[in-house]
Amino acid sequence: MAIDFGLSREGLAWALLISLIIAFGVGPAIPTGGGPSIFLNIFIAFALITNLAAISDGKRLWLTSLLFAVPMFIANILFAVSDDSWVSRFFFVSLAAFSAYVAALLIQGIFSHKSVDTALLIHSICVYFLMVVTFAMLHGLVDHLSPGSYNIVGASGDVRNHLSDLFYFSVVTLTTLGYGDFLPLSQAAKTLVSIEALTGQLYLTVIVARLVGLHIAT
């Protein structure tokens, strides 16, 4: 059974959503490196891990969750204090894997519940945020491995100074806004952008149908 942190399922759902809002709203404004950045990264990691405990049903799944959470937690700290190339790659890979894993668990919960409640609605929103994070990290990894894959960071060559641009680009891609100010240039980048745009539209279509179906059923 899930580990008890003294919060209700709805309370844990709100904690996850608030942590993601902080990541999007406050994170890009804090310069890379230094105490404030480390504090923010630790807060977000703790909030995500807390929610993992709530949605990880059983000891085996909880241990599996830790395998994703621990590397992400370490990578956040290292990324805040080091600009080594391997640290950046570790950060992008671990955060993308962890965000995708949490999103997958939330989606599993959405489709396993038989009724709509506040926590389910919040989890649905969180999944959308987590998809943005996942693809933002993948875009960062692609550009880090092949500089110039996007016109976001190609000029400076230091993706660490453009995390906010990565999140922005991921948002406009997932929502298919396509302002055209930032563009994919390499074939790998174009393929990833296509996948993200399709994923965003399919998720909205499927999740709305699921929630409406549950509402009608109840």
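Above: the structure in question.
Residues numbered from 1 in each chain as written. Predicted model: local features only at pLDDT ≥ 70, side-chain atom pairs only at ≥ 80, totals over all residues. Heavy atoms only, no water.

## Quick notes on the packing of helix H5 (residues 118–145) against helix H7 (residues 187–217)
Point 1. At a minimum axis distance of 11 Å, the contact between H5 and H7 shows a crossing angle of 175 degrees. Relative to H7, H5 is oriented roughly antiparallel.
Point 2. Broken down by class, the residue content of the contact of H5 with H7 amounts to 18 nonpolar, four polar and one charged. (Axes fitted to C-alpha atoms, helices over the stretch in contact; angles between N-to-C directions. Helix = DSSP H or I, 4+ residues; strand = E, 2+ residues; numbered from the N terminus. Parallel < 35°, antiparallel > 145°, perpendicular 65-115°, else oblique. Nonpolar A, V, L, I, M, F, W, Y, C, P; charged D, E, K, R; others polar.)

## Overview of the environment of alanine 188
Point 1. Examined against the element boundaries, alanine 188 turns out to sit in helix H7.
Point 2. C-alpha of alanine 188 to C-alpha of aspartate 143: the two residues are 45 residues apart in sequence and 9.5 Å apart in space.

## A short note on helix H6 (residues 163–174)
Point 1. Over its twelve residues, H6 runs 16 Å from end to end, which matches the ideal 16 Å to within 8%, given 1.5 Å per residue.
Point 2. Turning to H6, its buried residues number three or more, namely Leu163, Leu166, Phe167, Phe169, Ser170, Val172, Thr173 and Leu174.
Point 3. Among the residues trailing H6, threonine 176 stands out with phi positive, at a value near 55 degrees. (Expected span 1.5 Å × (residues − 1). Buried < 20%, exposed > 50% of the residue type's maximum accessible area, 1.4 Å probe, protein only.)

## Considering H7
Point 1. The terminal C-alpha atoms of H7, which comprises 31 residues, lie 45 Å apart, in line with the 45 Å expected from a rise of 1.5 Å per residue.
Point 2. Along H7, the residues that are buried comprise Ala189, Leu192, Val193, Glu196, Gly200, Tyr203, Ile207, Leu211 and Leu214.

## Observations concerning the nonpolar core
Point 1. By size, the foremost hydrophobic cluster in this structure holds 39 residues, and its most contacted members are Phe91 and Met137.
Point 2. Only helix H1 (9–25), helix H3 (59–81), helix H4 (85–112), H5, H6 and H7 provide two or more residues apiece to this core.
Point 3. Ranked by residues supplied to this core, first place goes to H5 with 13 residues.
Point 4. Residues within four places of phenylalanine 91 in sequence aside, it is in contact with Ala75, Asn76, Phe79, Met137 and Leu163.
Point 5. In terms of nonpolar packing, the next biggest core, distinct from the first, is built from ten residues, Tyr150, Ile152, Phe169 and Phe182 among them. (Core = buried A, V, L, I, M, F, W, Y, C linked by side-chain atoms within 4.5 Å. Contact = heavy atoms within 4.5 Å.)

## Some thoughts on the packing of H5 against H6
Point 1. Where H5 meets H6, the closest approach of the two axes is 8 Å, and the angle between their N-to-C directions is 120 degrees. It follows from the interaxial angle that H5 and H6 lie oblique. Classified by chirality, the crossing of H6 by H5 is right-handed. Residues Tyr128, Met131, Val132, Val133, Phe135, Ala136, Met137, His139 and Gly140 of H5 form the contact with H6, whose participating residues are Leu163, Leu166, Phe167, Phe169, Ser170, Val171 and Leu174. (Left-handed = near helix turned anticlockwise from the far one by under 90°.)

## Here's the deal with the environment of serine 115
Point 1. The topology assignment puts serine 115 in the loop between H4 and H5.
Point 2. Taking the C-alpha atoms as reference points, serine 115 and leucine 214, separated by 99 residues in sequence, lie 5.5 Å from one another.

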